[in-house]
Amino acid sequence: MNVLVIHGPNLNLLGTREPGTYGADTLDAIETRLRSLAGELGVALECFQSNHEGALVDRIQQARGWADGILINPAAYTHTSVALRDALLAVAVPFVEVHLSNVYAREPFRHRSLLADRAAGVVMGFGAESYLLGLRGLVAHLRTG
C-alpha cells in the first residue's frame with residue numbers, strides 16, 4: 001500500500017512558527033514519526049511539502065496510478081483552493097485531511113474547508129498526533145473499503 005503525504009504552505013516552518021498554535025515539532029520530526037508508523041503498518045510513504053499551490057496540484061496529479069491514499073494538510077489552502085479540491089477529485093484516490101490545530105477554535109474564516117466534504121475523514125486539533133491518527137484512519141479505510 002502506497003500513501004502520499006502532502007504538507008501545504010508554511011508547514012516547512014513548524015517548530016518555530018507560532019508554537020502555541022502549531023506545537024514545537026518540526027516537519028522533519030513529524031515525517032520521521034509518520035515513516036516509523038508507516039513501517040509498522042506495512043505502508044510505503046512519500047512526503048511532499050510546498051508553499052506553492054501549483055506544485056501541490058502537480059504532486060497530487062503525479063500520485064495517480066501510484067498512491068492508494070493521500071494524507072493532506074492543505075494548511076491555508078484548506079479554505080481557498082478549488083484547485084486542490086479538483087486535483088484530489090481528479091485522481092480519485094481516497095484522502096484524509098489533517099490539521100495540527102482545531103480550526104473551529106480559531107478565526108471564523110478557518111471554519112470552512114473546501115476539501116472536507118469529499119475526504120474519507122478529517123483529523124484536527126491534536127498537534128503532530130493528528131498526522132498519525134490520520135494515517136491510521138486512512139490505512140484502516142483503505143483496508144476495509
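Below, the structure is looked at part by part. Because the structure is a prediction, the values reported are computed rather than measured.

### Digging into helix H3 (residues 53-62)
Thought 1: Those residues of H3 lying buried are Leu56, Val57, Arg59 and Ile60. The buried residues of H3 all sit within an arc of 165° when viewed along its axis, so they share a single face.
Thought 2: Structurally, H3 contributes buried residues whose contacts are with strand E1 (2-7), strand E2 (44-49), strand E3 (69-73) and helix H4 (82-91).

### Looking at the pattern of salt bridges
Thought 1: One pass over the full model with this rule turns up five salt bridges.
Thought 2: The partner of Glu129 in a salt bridge is Arg33, with the nearest N and O atoms 2.9 Å apart. In this pair, Glu129 sits in helix H5 (residues 129-144) while Arg33 sits in helix H2 (residues 27-41), placing the two residues 96 residues apart along the sequence.
Thought 3: Note on Glu129: relative accessible area 34%, which makes it partly exposed.
Thought 4: Classification of Arg33 as partly exposed rests on a relative accessible area of 34%.
Thought 5: Salt-bridge contacts for Glu46 lead to Arg59; the nearest nitrogen and oxygen are separated by 2.3 Å. You can see Glu46 sitting in strand E2 and its partner Arg59 sitting in helix H3, a full 13 residues away along the chain.
Thought 6: According to the relative accessible area criterion, Arg59 is buried, its value standing at 10%.
Thought 7: Members of the salt-bridge network, linked through shared partners, are Asp25, Arg33 and Glu129.

### A look at the sheet that holds strand E4 (residues 95-99)
Thought 1: Here five strands make up an open sheet; going across it, the order is E2-E1-E3-E4-E5 and the pairing parallel. Looking at the sheet topology across the chains shown, the edges are occupied by E2 and strand E5 (121-124). When the angles between neighbouring strand axes are averaged without regard to direction, this sheet yields 20°.
Thought 2: Sheet strands in contact with H3 are E1, E2 and E3, and its direction is about 175° off that of E1.

### Some points on the packing of H2 against H5
Thought 1: Closest axis-to-axis distance for the H2/H5 pair is 10 Å, and the angle between their directions is 30°. Classified by the angle their axes make, H2 and H5 are roughly parallel. Where H2 crosses over H5, the two elements pack in a sense that is right-handed. Between H2, through Ile30, Arg33, Leu34, Leu37, Ala38, Glu40 and Leu41, and H5, the contact on the second element is made entirely by Glu129, Tyr131, Leu132, Leu135, Arg136, Val139 and Arg143.

### Let's talk about the nonpolar core
Thought 1: Counting residues in each nonpolar core, the largest one holds 26 residues, and the members touching the most others are Val3, Val5, Leu34, Leu45, Leu71, Tyr131 and Leu135.
Thought 2: Looking at this core, the elements that each hand over two or more residues are E1, H2, E2, E4 and H5.
Thought 3: For Leu45, the contacting residues outside a window of four places in its chain are Val3, Val5, Leu34, Arg35, Ala38 and Leu135.
Thought 4: In terms of nonpolar packing, the next biggest core, distinct from the first, is built from 18 residues, Leu4, Leu84, Ala87 and Leu115 among them.

Cut-offs used in this document
- Residues numbered from 1 in each chain as written.
- Predicted model: local features only at pLDDT ≥ 70, side-chain atom pairs only at ≥ 80, totals over all residues.
- Heavy atoms only, no water.
- Buried < 20%, exposed > 50% of the residue type's maximum accessible area, 1.4 Å probe, protein only.
- Helix = DSSP H or I, 4+ residues; strand = E, 2+ residues; numbered from the N terminus.
- Arc of directions from axis to C-beta.
- Contact = heavy atoms within 4.5 Å.
- Salt bridge = Lys/Arg side-chain N within 4 Å of Asp/Glu carboxyl O.
- Pairing = 2+ DSSP bridges.
- Axes fitted to C-alpha atoms, helices over the stretch in contact; angles between N-to-C directions.
- Parallel < 35°, antiparallel > 145°, perpendicular 65-115°, else oblique.
- Left-handed = near helix turned anticlockwise from the far one by under 90°.
- Core = buried A, V, L, I, M, F, W, Y, C linked by side-chain atoms within 4.5 Å.

Everything listed here is a matter of coordinates, which is why it stays silent on function.
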